[in-house]
Amino acid sequence: MQSELTEAPALSRPADLEHVGKSVERVEDGALLTGRGRFGDDLGVSAATLHAAVLRSPHAHAELLGIDAAAALLMPGVRAVLTGEDVRQWSQPFVVGVKQPMQHWALATDRVRYAGEPVAVVVAESRYLAEDALDAIKVHYRGLPSVVDIERAMEPQAVVLHADVGSNIVSDRRFSYGNCADAFATADHTVSTTVHYPRNSCTPIECGVVVAEHLAGDGAYDVLSNFMGPFSLHAVMALALKVPGNKLRHRIPRDSGGSFGVKQAVFPYVVLMCLASRKAGAPVKWVEDRLEHLTAATSATARLTRIEAAVSSDGRVQAIRYDQMDEVGAYVRAPEPATFYRMHGALTGAYDVSNLEVRNRVVLTNKTPTGLVRGFGGPQVYFALERLMDRIATELGIDPFELRRRNFVRKDQFPFHAAAGAVLDSGDYARALDLATERAGMPALYARRDAARAAGMLYGIGCAAIVEPSISNMGYISTVLTPEQRAKAGPKNGAIASATVAIDLLGGVNVNIASAPAGQGHMTVCSQVVADVFGLRPEDVVVNVEFDTAKDAWSVAAGNYSSRFAGAVAGTVFLAANKLRDKLARIAGAAFNCSPGEIRFANGKVFNASLPAQSQPFTRLAASPHWAPGLLPPDVEPGLRETAFWSAPTLSAPDANDRVNTSAAYGFVFDICGLLVDPETGRVTVDRYVTAHDAGKILHPGMADGQIRGAFAQGLGAALLEEFRYAPDGGFQSGTLADYLMPTACEVPDPDIVHMETPSPFTPLGAKGLGEGNNMSTPVCIANAFADALRPLSARIGDVSDIRLPLTPSRVLALVAAAEPPPPAALATSMAARPVPKAQGGLSLNASGEIRIAAPPEKVFAVLLDPAALAKVIPGCHELLSTGDNSYRADVTVGVGLVKARYAAEIVLSEINAPHSLRLAGQGTSSLGTGAGSGTVRLEATVEGTLLHYDYAAQVGGKVAAVGSRMLEGAARIILAQLFESLGRQATGEAHAAHATWWLRLKKFWSRTP
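Residues numbered from 1 in each chain as written. Predicted model: local features only at pLDDT ≥ 70, side-chain atom pairs only at ≥ 80, totals over all residues. Heavy atoms only, no water.

Counting through the fold element by element, Thr650 comes out in the loop between β26 (641–646) and β27 (663–677). Residue classification places Thr650 among the buried residues on the basis of a relative accessible area of 18%. Separated by 156 residues in sequence, Thr650 and Gly494 place their C-alpha atoms 8.4 Å apart. Not counting residues up to four positions away in its chain, the partners in contact with Thr650 are Asn661, Ala664 and Phe762. (Helix = DSSP H or I, 4+ residues; strand = E, 2+ residues; numbered from the N terminus. Buried < 20%, exposed > 50% of the residue type's maximum accessible area, 1.4 Å probe, protein only. Contact = heavy atoms within 4.5 Å.)

Set out below in structure tokens:
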């Protein structure tokens, strides 16, 4: 369905599209499906290339007192260790848009402010040697209190992360549009709610890759990385390295194993590896592992929002007030606070609301710095706005679908100027709602809800409406500055895209774009666009997506982000192809003795429309200017290569009243969800999901649906599973995929997708973005459905407004107040008696059980009191030295999954009642974290020997805790099994250990452990 729009006169649209708009086979898939992709880690490097490993802080907040790398430098194969001193000498802090006296270096220099912050880099002849050398580096910390909660970080007495700032609130801006005061004063109703959007991320199959070389003779750097842009950050990197932009060559490989925004977070490691190469005097390669990625790469910004609306009795929203607080982690890292301001112009969403007030506060905490994550800013804004719309519907007793329809921008209002400056380019929102409800079959869906509720289940129906921005205005980030500050800095605006189309000497067509694809099918779509311009087949066009800042045409806005490919990049390819076609038409017109306007390109030929017999194969006509430039018409310059640059005319700088059109185009999404909730287990299941999209002109329907399904899966994960969790001390607790859960194909239902098209008048092909929409709409749509599901319980639990994501079973059960059965009496007694170790946050682990040993209690007890024998019992113990009566200093290596840590531990035996019981307590520190524990061991004489009872509680922090409770608990069981097996061997003699295999004994141990 296309709305009637007047197109921008400067744009020439293709009249006949043979290939664009069709789901042709993807060009990329042949190589990807046969293992011939060219990813960052696949590409060859020089024989001189060394490998890097990053030492990271186990503490969320601590003073960095010193680093001793002497032992690491003596290890075989280790070539260099980069520390903060080197970073201070050769670089400078990263620049950011917020003007505050805080410094963020590529390595910590005086203080660490989040768990996982880099403190040193080891460069060695292999990654294995570099990783081993990390354990030999001694870092001296002085722990500081941490703050991880948004509201606590804003309190006057909160620990301050950057002393020179004096507060954790590093930006506090207020905006006002229209007249909110009068609207609220005269409103029939005022409706408000408070919502929290959590930290989550996305997990591309390929983590970060950087290969950097310092070119000493040129004072320059050459880098290969899978950075996805925006290339405004090229300037940030060059400034940090203290070189001109042309002295930082940055190359991007053809393929990327996903990004979803987070590959933007590679840029600090580009700087870090450049400096490591300078220190080592050789190229350096670094490949991020999964634990590093989850712990320290980036995350979506957590947001606390208090939002209220002034509403008339018929449900018309007269005004909206936002109070938004973004938790951005330990540093404001470019391009933040983009999550705030990318959506600023469109804060009223799909609704015609002329009065708007906003307060934005950027808040620091002891967590990983945030950045671009698919849809950045959108999930946070719409979670608040669409929860508010549901609250209005509930309080006024209006159907939530009808409430939205009453407030939509009407079809005849486009292009629509929103209160804060967004220019909504085209749409028919009411029609999209109708298409979605028709596809959902609402009468049947309501009947399904009634049947489920009658059967004792909880069932809810929710909806959400969003506008999806694409092609970001590079000036939006300057809205964080006051008009006076912007005037001093100079205006910033636009979204320049570039593309080059060339024809080689055999008539082949080649395309180069300034966008690094991460699976979106850039090569396929660009070949379709160019094939239609020249009347060729897509397979006749070669598209190069490798990117090189030293050779390719690019701009500050270049990169793959903000859904800019279809509208900006593919559109600019179309413009460049048209420029080259027009040149060929002048050449052909001279050859055929006709005007260029009569030249046509079709079916691989170039011909005179007035005299079709006059024709040539495209390859012949296109090749001849290379071979005979002297025969070109007088007005045609030699060369068949055209580069086009484009920026939307509607993207101006923020005005003096802080109005800004934050994006060039705005799609529309309307979602409907039927949600089933099991009140006994807390399981939440999406029963029905319909998503209607208007993304302007669809260039490739198959890939469009793929992008929608991918965004839906990610939005589903945010709604039901995904959350970065932190301990009170700032320790990260979601460092593996066992604790950071994501939906798989088994958990993701197939959404029912509905399309309509209202082409944008502001993009060359009329296309808008659609790859981020469901990451914005799905979390809140599911939350609205969940709120509806709880409605039958409102008499008992109240009307729940602040729906917290993700909707995990434990969180759901807490809301529905379902009582869990009590634990068995014996287990309850054991748990009540369990000691609590001394610790300051971190991850708690508990273990209790029993094991049989074929030796009397006296012999077992003797082993526990003998330092030499005890050293052989403790797994991974390198040394055990007595420091007093029944107290020891131990050097122990503990390995858990991806993490291996060498601890300096203090162990004390107390409450000794030989040979019956004792208490064992210990605490240790390592370069990767801290640990503390306490427990009892009780020996009971049996006919076979001894029944050993143990009851232990421990708490760990730092990188070790980041692997998560599931892996740690499994590892603790294995370690305890090894300990008690070794204890049995020491007490009975080595020969006794052969009576059964280790694995069988371990299985027996597990079967007896609760």
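Right, let's talk about the packing of aromatic side chains for a bit. For any pair of aromatic rings, the description consists of the separation of the ring centres together with the inter-plane angle of the planes. On inspection of all chains with the given rule, the structure shows 23 aromatic pairs. The interplanar angle of 5° and the centroid separation of 5.8 Å between the aromatic rings of Tyr351 and Phe408 together place this pair among those described as stacked. Here Tyr351 is found in the loop between α10 (338–341) and β15 (355–363), whereas its partner Phe408 is found in the loop between α12 (400–407) and β16 (416–417), with 57 residues between them in sequence. By the burial criterion, Tyr351 is buried, and Phe408 matches it. Pairing Phe547 with Trp554 gives two aromatic rings, centres 6.3 Å apart and planes at 85°, and the pair type is edge-to-face. Residue classification places Trp554 among the partly exposed positions, given a relative accessible area of 25%. Here a set of aromatic residues connected by ring pairs shows up, and it is made of Tyr351, Phe408, Phe414, Tyr429 and Phe668. In this structure, Arg321 packs its charged tip against the face of Phe184, placed 4.1 Å from the ring centre. (Phe/Tyr/Trp six-rings, centres within 6.5 Å; stacked < 30°, edge-to-face > 60°. Lys NZ or Arg CZ within 6 Å of the ring centre and 35° of its normal.)

Glancing now at the sheet that holds strand β29 (residues 752–756). Read across the open sheet, the 4 strands follow the order β18-β27-β28-β29; overall the sheet is mixed. Each edge of the open sheet is held by one strand with a lone partner, namely β18 (458–472) and β29. Ignoring strand direction, the axes of neighbouring strands in this sheet form an average angle of 15°. Relative to strand β28 (residues 684–694), β27 runs antiparallel, the two being bridged by 10 bridges. Bridging from a neighbouring strand, Leu675 pairs with Val686 of β28. The sheet contacts of helix α13 (residues 429–440) involve β18, β27, β28 and β29, and relative to β29 the element is tilted by about 150°. (Pairing = 2+ DSSP bridges. Axes fitted to C-alpha atoms, helices over the stretch in contact; angles between N-to-C directions.)

Packing of helix α17 (residues 565–592) against helix α18 (residues 618–627) brings their axes to within 11 Å, and their N-to-C directions diverge by 95°. The angle between α17 and α18 places the two elements in the roughly perpendicular class. In this structure, α17 uses Leu584, Ile587 and Ala588 to contact α18, whose residues at the interface are Phe618, Leu621, Ala622 and Pro625. Here the residues of the contact of α17 with α18 are counted per class, giving 7 nonpolar, no polar and no charged. (Parallel < 35°, antiparallel > 145°, perpendicular 65-115°, else oblique. Nonpolar A, V, L, I, M, F, W, Y, C, P; charged D, E, K, R; others polar.)

Turning our attention to a nonpolar patch on the surface. On the surface, a nonpolar cluster with roughly 390 Å² of combined accessible area is contributed by Leu505, Leu506 and Trp627. Tracing the backbone shows Leu506 in the loop between β19 (497–503) and β20 (509–513). On the accessibility criterion, Leu506 (67% relative accessible area) is exposed. (Patch = residues over 30% accessible without salt bridge, like charges linked within 9 Å, V, L, I, M, F, W, Y side chains within 5 Å. Areas by Shrake-Rupley, 256 points an atom, 1.4 Å probe, with all protein chains shown as cover. Salt bridge = Lys/Arg side-chain N within 4 Å of Asp/Glu carboxyl O.)

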